[in-house]
Every structure is written in C-alpha cells, then in structure tokens.
Amino acid sequence: MTKSTTPTDTTAPRRRRADADRSVAAILDAALEALASDPDSSMSEIARRAGVVRATIYVHFPTRTALLDAVMEYAVTQVADAMRSAEPQRGEPVEALERVLRATWWQLAQIHGLLALNTARLSAEELHRRHLPMLDQLEPLIERGQKQGSFRSDVPVVWHLAVIRAIVHAASHEIQGGRLAEAQAEPAMISTALAAIGATA
C-alpha cells in the first residue's frame, strides 16, 4: 500500500525555500542601496535596511566579500537587463549606441558608489569578466557600425569596447569624487564615447 503524501510533506520545504529566496532578495536590495550611497556601510546597517538580523545575512553570505560579490553580480544583471531592453540590435548604429549608453548610464547612476568599491577591490581580469554580460551585447553593435562605416574600422572591436568602458567609468569616478555633476556627466560621457569611436570623414 502506497503511503499518501500530505500537503505538509511538499509545501513546507517549498515555503522554506521561498522564505529564503525572499530574504536573499531583501538583503541584496538593501546592500545595493546602502553600498551605492556609502561603500563602507556595515553589515548591521545592511541588515537594518533589509529588515533582518545581522546573523541572517551571514547564513546566506558567510563573509562581507561573499556579499560584495553577490551584490555586484546582482547589479551587473540589472545593468545588462537595461542594456538588453534598449535593443542594441535595433536602428542605425550611432543612434543605437547612444540609446544603449543612456539606458546603461541611467542604471549605473544608482550605483556609482558600488562601482567605485568594486573597481578598487577587484583585479583588472576579474573586472573584465564581470563586464562580459554588457560587452557581449555591445560587440555586435560595434561590428555592425564598423561594417556600415559609422565607427572606426582601423582598430579592433575590443579596443572600442575598452574605450567606451573607460569613458563610462571615468564619468562615474568624477561624480563619485564630487568633481562632476550628474547632469553634466551623462552628456559628456555620451558625446565623448561617440566621438572616440566614430568614423572620421
């Protein structure tokens, strides 16, 4: 005779998993918000914003480094999603790149502090790896622009990607240092990036 399965047998683990997922999501949201405004935010402050006790953070993220890594992956996903929503494959290359840069910058504008923190703590190789979800979307756009004569073709695509990334990071760095206002940074970043990779007459 087969033993019957009660609702409790299956729903309890799913409920615990759902509760854990909600807890992780709350912690990541709180950490992203806290670290973006203050890279030195304590685990206690992050726990307070998340509505959990500090011990709960350590259940999911045993160290501060583990939390920082998870928050960066979370932030990268949001930026990559914003870039994807801007449809880099649509339209004339220059217009498409400007649209993508605006969408990406809008997302990055919320996490300048976190960007500075991770730039300081990660190696160049690791930073490049973390940028791949965005770079992989930009690469076909740059290639298309080169083929159509919109972007310089005398240098490789990887150089264009490096230049754009450097310009975006420079704008974020200047904002974080209080040397450039947010309203000035976006148009300066976009015009500089487009001029840097644009085809010469």
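Refer to the structure printed above.
Report on the accompanying structure. (Residues numbered from 1 in each chain as written. Predicted model: local features only at pLDDT ≥ 70, side-chain atom pairs only at ≥ 80, totals over all residues. Heavy atoms only, no water.)

### A few points about the pattern of salt bridges
In this structure the tally under the stated criterion is 16 salt bridges. Linking Arg129 and Glu126 is a salt bridge whose minimum nitrogen-to-oxygen distance equals 2.7 Å. Within this pair, Arg129 and its partner Glu126 are both found in helix 7 (residues 124-147), separated by three residues, close to a single helical turn. Classification of Arg129 by relative accessible area gives partly exposed; the value is 41%. The network of salt bridges with common partners includes Asp69, Glu73, Arg121, Glu126, Arg129 and Arg130. (Salt bridge = Lys/Arg side-chain N within 4 Å of Asp/Glu carboxyl O. Helix = DSSP H or I, 4+ residues; strand = E, 2+ residues; numbered from the N terminus. Buried < 20%, exposed > 50% of the residue type's maximum accessible area, 1.4 Å probe, protein only.)

### A word on the packing of helix 8 (residues 157-176) against helix 9 (residues 182-197)
Contact pair helix 8 / helix 9: the axes reach a minimum separation of 10 Å and the direction vectors enclose 165°. Looking at the two axes, helix 8 sits roughly antiparallel to helix 9. The crossing of helix 8 and helix 9 is right-handed. The segment helix 8 lies against helix 9, with His160, Val163, Ile164, Ile167, Val168, Ala171 and Ile175 engaging Glu182, Ala185, Met189, Thr192, Ala193, Ala196 and Ile197. (Axes fitted to C-alpha atoms, helices over the stretch in contact; angles between N-to-C directions. Parallel < 35°, antiparallel > 145°, perpendicular 65-115°, else oblique. Left-handed = near helix turned anticlockwise from the far one by under 90°. Contact = heavy atoms within 4.5 Å.)

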